[in-house]
Amino acid sequence: MNLQPGDILRGHYQITEQLGRGFYGQTYLAQDLHLPGKPRCVVKQLQPALNSQLVRQQAEDYFEQEANVLQILGIHNQIPQLLAHFEENQEFYLVQEFINGQDLSKELKDRKRFNENQVICLLEDVLAVLMHVHQQGVIHRDIKPSNLIRRQDGKICLIDFGAVKEIVALSVNDQGQTILTKPIGTPGYVSPEQEKGKPNFNSDIYSLGVTAIEALIGKIPEKDSRTDEFIWHTGLQINPKLKAILTKMVLKNTTNRYQSALEVYSELQTLRNYSTTRVNHFPRLFPLLGVGVVVVALLVILIPRIFVAKGDQVFNEANELFNSGQYEKAAEAFDKVLELNPNDYEALIRQGNAYIKLKEYTKSLNACEKAIQIKQNEAYAWNCKALALQNSQQYEAALAAHNTAIQLNAKSAVFWNNRGDTRLKSKQYDKAIADFDNAILLDDKSDKDKSSVYLYNRGKALYESGKYLEAIASFDDAINLNQNYHYAWTGRGNALRLSEQYEKSVAAYDRAIQIAPKDYESWYSKCLSLEKLDKIDEAIESCNQAIQIEPKNPAAIDAKQRLEKKQGR
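Summary of the structure given here. None of the values given here were measured: they were computed from a predicted structure.

**Overview of the state of the cysteines**
Part 1 of the argument: Applying the stated criterion across every chain, the model contains 2 disulfides.
Part 2 of the argument: Paired by a disulfide, Cys 368 and Cys 384 hold their sulfur atoms 1.7 Å apart. Here the disulfide of Cys 368 and Cys 384 is left-handed, its torsion about the S-S bond being about -45 degrees. Remark: Cys 384 occurs in helix 13 (residues 379–391) and Cys 368 occurs in helix 12 (residues 361–374); sequence separation between them is 16 residues.
Part 3 of the argument: Using a relative accessible area of 0% as the deciding quantity, one classes Cys 368 as buried.
Part 4 of the argument: Across the protein, the way the bonded cysteines pair up, counted in sequence order, is 1-2, 3-4.

**Notes on unusual backbone geometry**
Part 1 of the argument: Although it is not a glycine, Lys 359 sits at a positive phi angle of roughly 65 degrees.
Part 2 of the argument: Looking at where Lys 359 falls in the secondary structure, it is placed in the loop between helix 11 (345–357) and helix 12.
Part 3 of the argument: Judged by its relative accessible area of 63%, Lys 359 is exposed.
Part 4 of the argument: Phi at Lys 445 is positive, roughly 65 degrees, even though this residue is not glycine.
Part 5 of the argument: Given a relative accessible area of 52%, Lys 445 falls into the exposed group.

**Examining the nonpolar core**
Part 1 of the argument: Membership of the largest hydrophobic core comes to 54 residues, with the highest contact counts inside it found for Leu 123, Leu 246 and Met 249.
Part 2 of the argument: If you list the elements that add at least two residues to this core, you get helix 1 (53–73), strand 6 (91–97), helix 2 (104–111), helix 3 (116–135), strand 9 (156–158), helix 6 (201–217), helix 7 (240–249) and helix 8 (261–268).
Part 3 of the argument: Sorting elements by how many residues they give to this core places helix 3 first, with 10 residues.
Part 4 of the argument: Structurally, this core is a two-domain feature, drawing no fewer than three residues from each of domain 1 (7–97) and domain 2 (101–276).
Part 5 of the argument: Membership of the second largest hydrophobic core comes to 32 residues, among which are Ala 347, Ala 354, Cys 368 and Ala 381.

**Some details on the side chain of Glu 531**
Part 1 of the argument: With respect to the helices and strands, the residue Glu 531 is situated in helix 21 (residues 520–532).
Part 2 of the argument: A polar contact is formed between the side chain of Glu 531 and the side chain of Lys 566, at a distance of 2.9 Å.
Part 3 of the argument: In this structure, Glu 531 is in contact with Ala 539, Arg 562, Leu 563 and Lys 566, ignoring residues within four places of it in sequence.

**Some points on a negative patch on the surface**
Part 1 of the argument: A surface patch of negative charge is lined by Glu 328, Glu 332, Asp 335 and Glu 339.
Part 2 of the argument: Here Glu 339 lies in helix 10 (residues 327–340).
Part 3 of the argument: Residue classification places Glu 339 among the exposed residues on the basis of a relative accessible area of 65%.

**What about empty space enclosed by the protein?**
Part 1 of the argument: Under the criterion given, the structure shown has 3 cavities of 30 Å³ or more.
Part 2 of the argument: Of the pockets and cavities examined, the largest cavity occupies roughly 110 Å³.
Part 3 of the argument: Residue lining of the largest cavity: 13 residues in total, with Ala 128, His 132, Gln 135, Ile 433 and Lys 467 positioned closest to the centre.
Part 4 of the argument: Secondary-structure elements contributing two or more residues to the lining of the largest cavity are helix 3, helix 16 (429–442) and helix 17 (448–464).
Part 5 of the argument: Partitioned by chemical class, the residues of the lining of the largest cavity number 5 nonpolar, 3 polar and 5 charged.

**Focus on the pattern of salt bridges**
Part 1 of the argument: All told, the structure shown has 24 salt bridges when counted by the stated rule.
Part 2 of the argument: Here Lys 467 ties to Asp 430 by a salt bridge, and the two come within 3.5 Å at their closest N and O atoms. Of this pair, Lys 467 sits in the loop between helix 17 and helix 18 (468–481) while Asp 430 is found in helix 16, placing the two residues 37 residues apart along the sequence. There is no split in this pair, since Lys 467 and Asp 430 are both buried.
Part 3 of the argument: Through salt bridges with shared partners, one network takes in Arg 419, Arg 423 and Asp 435.

**A closer look at the sheet that holds strand 7 (residues 101–103)**
Part 1 of the argument: Read from one edge of the open sheet, 3 strands run 7-8-9, paired in antiparallel fashion. Either end of the sheet is taken by a strand with one partner, and the two such strands are strand 7 and strand 9. Strand-to-strand twist of the sheet, defined as the mean angle between neighbouring strand axes without regard to direction, takes the value 35 degrees.
Part 2 of the argument: Here 3 bridges tie strand 7 to strand 8 (residues 148–151), and the two strands are oriented antiparallel to one another. Looking at the pairing, Gly 101 lines up with Arg 151 of strand 8.
Part 3 of the argument: Contacting strand 7, strand 8 and strand 9, helix 2 runs over the sheet at an angle of about 80 degrees to strand 7.

Scoring rules and cut-offs
- Residues numbered from 1 in each chain as written.
- Predicted model: local features only at pLDDT ≥ 70, side-chain atom pairs only at ≥ 80, totals over all residues.
- Heavy atoms only, no water.
- Disulfide = S-S within 2.5 Å.
- Helix = DSSP H or I, 4+ residues; strand = E, 2+ residues; numbered from the N terminus.
- Buried < 20%, exposed > 50% of the residue type's maximum accessible area, 1.4 Å probe, protein only.
- Core = buried A, V, L, I, M, F, W, Y, C linked by side-chain atoms within 4.5 Å.
- Domains from an automatic or database assignment.
- Polar contact = N/O pair within 3.5 Å; in protein donor to acceptor, adjacent residues only side chain to side chain.
- Contact = heavy atoms within 4.5 Å.
- Patch = residues over 30% accessible without salt bridge, like charges linked within 9 Å, V, L, I, M, F, W, Y side chains within 5 Å.
- Areas by Shrake-Rupley, 256 points an atom, 1.4 Å probe, with all protein chains shown as cover.
- Salt bridge = Lys/Arg side-chain N within 4 Å of Asp/Glu carboxyl O.
- Lys, Arg positive; Asp, Glu negative; His and termini not counted.
- Charge placed at Lys NZ, Arg CZ, Asp CG, Glu CD.
- 1 Å grid on protein atoms, 1.4 Å probe; cavity = no way out; pocket = protein on both sides within 12 Å on 5 of 7 lines; lining within 4 Å.
- Points joined across faces, edges and corners; volume = space filled by probe spheres on them.
- Nonpolar A, V, L, I, M, F, W, Y, C, P; charged D, E, K, R; others polar.
- Pairing = 2+ DSSP bridges.
- Axes fitted to C-alpha atoms, helices over the stretch in contact; angles between N-to-C directions.

What follows is the structure, encoded as structure tokens:
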């Protein structure tokens, strides 16, 4: 049944216009009459050929299964949220969040081509979403420009997952078995193995690679009739590294292709020594605990201890002061080293790191930049500069320095962690998660404290992006490595609290308080959880403890006043 403007489904989804139609069904724009402001939504009508009871039963089961998958995927803020799913008149309906933006096929038609920086940004955006999708065990199977929508904030959203379309393509063969009458995927973009009905996770990488090449050259690339490989860069002036990445993404042989979205994303970071005018917006979906409450990580900023004792005594004494945490004395001692040799690269970096610890970021930046002038291709100098800029809240410049450090040494887990921390502070949560994943992947596991920091930072980024269950798992991994990591216990408590597991959150805060009795955030957060459990007296006592630690912090004061009103004081 074709729907018309004005038709109402389920008593409140009113169709306003048709957006598209095809083999798999129709897509409509609608408004929800039951919600204030009648917000827009997208209704997808799937029309399977229910020509047997077996097909009907399998279609119903499959529809319910895939709807559950879409519900989980929609947690990501670049995938439309599933609002409802139902069957009506032997047709299946999905109601999803409306993405206000323009799909890339229209963008390519208007613009013709993307430049290299725009292609890299496109890849990074979609790969970050694919990492989430693949982690859920899902293959999209139909990545192409028309299924990528650029939101008004510039972010790319991934729509129209191929698995749901199987419901429409189900039929029964002569042997009474259910089969697919039409392969999922779009000619030109679909991988060879997917055409044969055997998609892998890197089938999505293939389709994304074709899309990126199309964006770069203005058309779907052609294939060599002999090798069946794409021929697309002949005579094209392009960064050799980007050419190599795109070529590997679309190789015919699946084993020679990139195996994961993370692997491609990591390779792209070596190209990040360039400037871009694009501004990324990652809204904080769930604010932190209140005004003035900040989660401070133990060893969030990791400074590699790369220097061993040298022959000269003055440097060794300064280095020892740094390693023992006497940063002010260390900075002064490195001044003496530099008086003897102004071009001592190691002394400049060590002094720059000491100034970071002392929060004297201008001095730190000066020392790091002098080191760069002496050895321009040393990753540690660029890492030093990145940390100084990050702590000065100059995030864009810091990221450029991080990118250079990683380009010079992509195997350093510390460098990936530090860039992830800058992205976390600048609210680029998905990209921060990807960087922390890389740090964890590259970690040699020789230092449990350092390894726990990578896991904790990943947990923080997941928490900030509203992925509380994943955040809890990451905090747990950090705690397993370091039982006395009180920041990880507090982070675990926060994620449990916002997932409404209040009793468990109180237990996590108690453990954090046991380790660090003067931690304001643990006491304040415990107060909030106890309030949710309606344990008002205990909540007030926790807030009192927080106020004793930070008497001028308004968050705990406001919470205490609110609790006293509930108590009738």
